[in-house]
Amino acid sequence: MSYVLEIKNVTKKFADFTAVKSVSFNVEDGGFFSILGGSGCGKTTLLRMISGFEEVTEGELLIRGESMEGVPPERRPVNIVFQSLALFPMMNVEKNVAFGLQRQKIPKNEVSSRVTEMLERVGLVGFEKKNVNDLSGGQRQRVAIARSLVLRPSILLLDEPLGALDRKLREHMKIELKVLQREIGTTFIYITHDQSEALVMSDHVAVMNEGKFEQIDTPKNLYKNPATSFVAGFVGESNEFDIASYAGGELITNNGCKLVKPGLDFQPNKLFIRPEAFILDSPETLPDVALVKTEIKNILFDGANTKISVVIKESADKVLISLPQNAKYDNLHEGDDLQVGIHRDDLKCYRD
Amino acid sequence: MKKRGSTFYLLMIPVLLWLGVLIVIPHLDMLYRSFRFETDDWEMVFSLNNYLTFFSDQIYWLTFVKTALYSIGVTILAFVVTFPVAFYLTKVIGKKYSGFMTLLLLIPIWIGELVTVYGWMILLRDNGVINTFLLKIGLIDSPIEMLFTNFSMTIGLLYMSMLFMIVPMMSALDSMDDSLIEAASDLGASKWMIFRQIIIPYTTPGIVSGGIIVFMLVIGDYVVPTILGGKSSLWFTEQIYNKFLMSFNWNEGAAFGFLLLVLSSTIVWIALKLSGQKLDKVGS
């Protein structure tokens, strides 16, 4: 497999702080790669280094095997879809999309045929002469993507382009973007703080924290097997516990809840359990499942995301548990006792 | 139709007073006077003679054309000189410094036109600052005559009007999202192309509105051409002044005033057409 982008020990230092700390990763050609992290984690700086708007302080950045040192943004085979989209307000849709092609001294008829083809791809036929200010949020999005893709870049960089859209449209655009990427086959590098965007669309996700990558993995592995406590806490929801002691395969939380987790070769101090990992009304007979008696304190109704907040009886630990919205659990009420089970593989332990 | 309350009519009074008493009535009066002519028998009649004077005497319409061309030139110069400053203050340095620097730019306005004009006289005259300096460093042997020429007049007009160009341009540049420039660069545009295709079209409303203000100020200015231009630089406002206050021919003065109004309005109209701007958009 050839790599379209290779990042080797890249560091970015600004006057008073280091935004990116010796990051290394490779992106496979034709993949959908996301960089997920909170604000200020350095993901935008990383993106700006790939696009050429920021210089690399240390390390190497190669696109299709070629070093990008000293190559200005306008000469890199990389295009960006900006967070604000940055559509040119004084031009119509057609002129926005043709802008990049016209800079390359491509013959006029080829420019117009490529623009038409691109607008067909993103479903904007008939909007050629419209002013970009008269389009809806989703249409503007597609113009911005078309404007970049028409140049056939090696990599398309997307800087949280869905951030400004409302929720419904965002859900829709997520799927649309993924389908578009599959169809066109261009490598997408997608920057976001929204884990759902990263998980739904990507082939690989890198979780970034304080200028470093915590984990690069498939969305499923990232969720199932977080490599660090940061990833466990950041990706998806989790109940977090402080571990007081670990001996003989038994964990004891700070509040005194005992759970069996054999085979750890380190002394853990953090424990994470997903809300959906709890087995409600667990039968006693399941293997490797620890049973815990709890009392329901609150039912937090949120449609398919409904959770119950329970207190573990022996330890007073508070836990959030997913509550499926089906007939079986409709009769649960606040104050009820509930026995839940946890499989030992769902106990994620870390040492910070 | 919604019924208007008394507040609506009350608020209309200052508007009507301003427009009517200060603008419409004086102009109508001027228009009326410009068509009045005193015959040899001291009789006032309606006539086109006042306007014919303008066309019959070469000095008048030559001054007229010169005033128009110089005003256009100063407007263009004002744009060329202030654009880099506006760009630097809005896009290159941070907000923290640009506010203070913009305030510094405005200081000459507080001092007043006449004082700044005298300041330029100190700089430009034969034994002034610039000539003394050039003589001292041995670049010239005798003083260059700068004061009371078209050069000194242009400098003065430019200095007086630059600020009115830079303010609307800065506000246009300020409202421009920086990522537009980055996007253009990302799509392969050179610096020159970004300037021509993105920055200029985006800031055109600001440039045109600044341009109109500068042009109007310059074409109607009296102080700078009279003091810095001296005898060698005739300005059309001086002709009007002379008509009113030297030869006491108010009727001809009124006619000349109207010609200036028509001239400047026509040039502004052409400029709006050429730049594809609408007056209401530029005005806001």
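Everything numeric here is computed off the predicted structure, so don't read it as measured data.

Visitor: What is the right way to look at the nonpolar core in this model?
Guide: Of all hydrophobic cores here, the largest spans 98 residues; its most connected members are Ile50(A), Val97(A), Ala146(A), Leu157(A), Ile189(A) and Val207(A). Here this core gathers at least three residues from each of two domains, domain 1 (3-233) and domain 2 (237-350) of chain A. Apart from residues no more than four positions distant in its own chain, Val207(A) is found in contact with Leu36(A), Gly37(A), Phe213(A), Glu214(A), Gln215(A), Leu222(A), Val231(A), Phe234(A) and Val235(A). In terms of nonpolar packing, the next biggest core, distinct from the first, is built from 32 residues, Val74(B), Ala78(B), Ile155(B) and Met165(B) among them.

Visitor: Explain the interface of chain B and chain A to me, please; I cannot follow it from the model alone.
Guide: Note: interface size is frequently given as the accessible area lost on complex formation between the parts. Between chain B and chain A, the contact holds 15 residues from the first and 17 residues from the second. At the level of elements, helix 8 (178-186) and helix 9 (191-219) of chain B are the ones that each hand at least two residues to the side of chain B that touches chain A. Sort the elements by how many residues they give to the side of chain B that touches chain A and helix 8 of chain B lands first, with 6 residues. Classifying every residue of the side of chain B that touches chain A gives 8 nonpolar, 4 polar and 3 charged.

Visitor: In this structure, what is going on with the pairing of strand 11 (residues 239-247) of chain A? I would like to understand it.
Guide: Within a regular strand, the side chains alternate between the two sheet faces. All names here are of chain A. One ladder, built from 4 bridges, connects strand 11 with strand 14 (residues 270-273); its direction is antiparallel. Opposite Phe241, over in strand 14, you have Leu271 as the bridge partner. Across 4 bridges, the pairing between strand 11 and strand 12 (residues 250-253) is antiparallel. By the bridge assignment for strand 12, Ile243 is matched with Thr253. Remark: 2 residues form the turn of the hairpin made by strand 11 and strand 12, two consecutive strands paired antiparallel; Gly248 in that turn has positive phi of roughly 60°.

Quick notes on the rules
- Residues numbered from 1 in each chain as written.
- Chains lettered and ligands numbered in written order.
- Predicted model: local features only at pLDDT ≥ 70, side-chain atom pairs only at ≥ 80, totals over all residues.
- Core = buried A, V, L, I, M, F, W, Y, C linked by C-beta atoms within 7 Å.
- Buried ≥ 20, exposed ≤ 12 C-beta atoms within 10 Å, placed from the backbone.
- Domains from an automatic or database assignment.
- Contact = placed C-beta atoms within 7 Å.
- Helix = DSSP H or I, 4+ residues; strand = E, 2+ residues; numbered from the N terminus.
- Nonpolar A, V, L, I, M, F, W, Y, C, P; charged D, E, K, R; others polar.
- Pairing = 2+ DSSP bridges.

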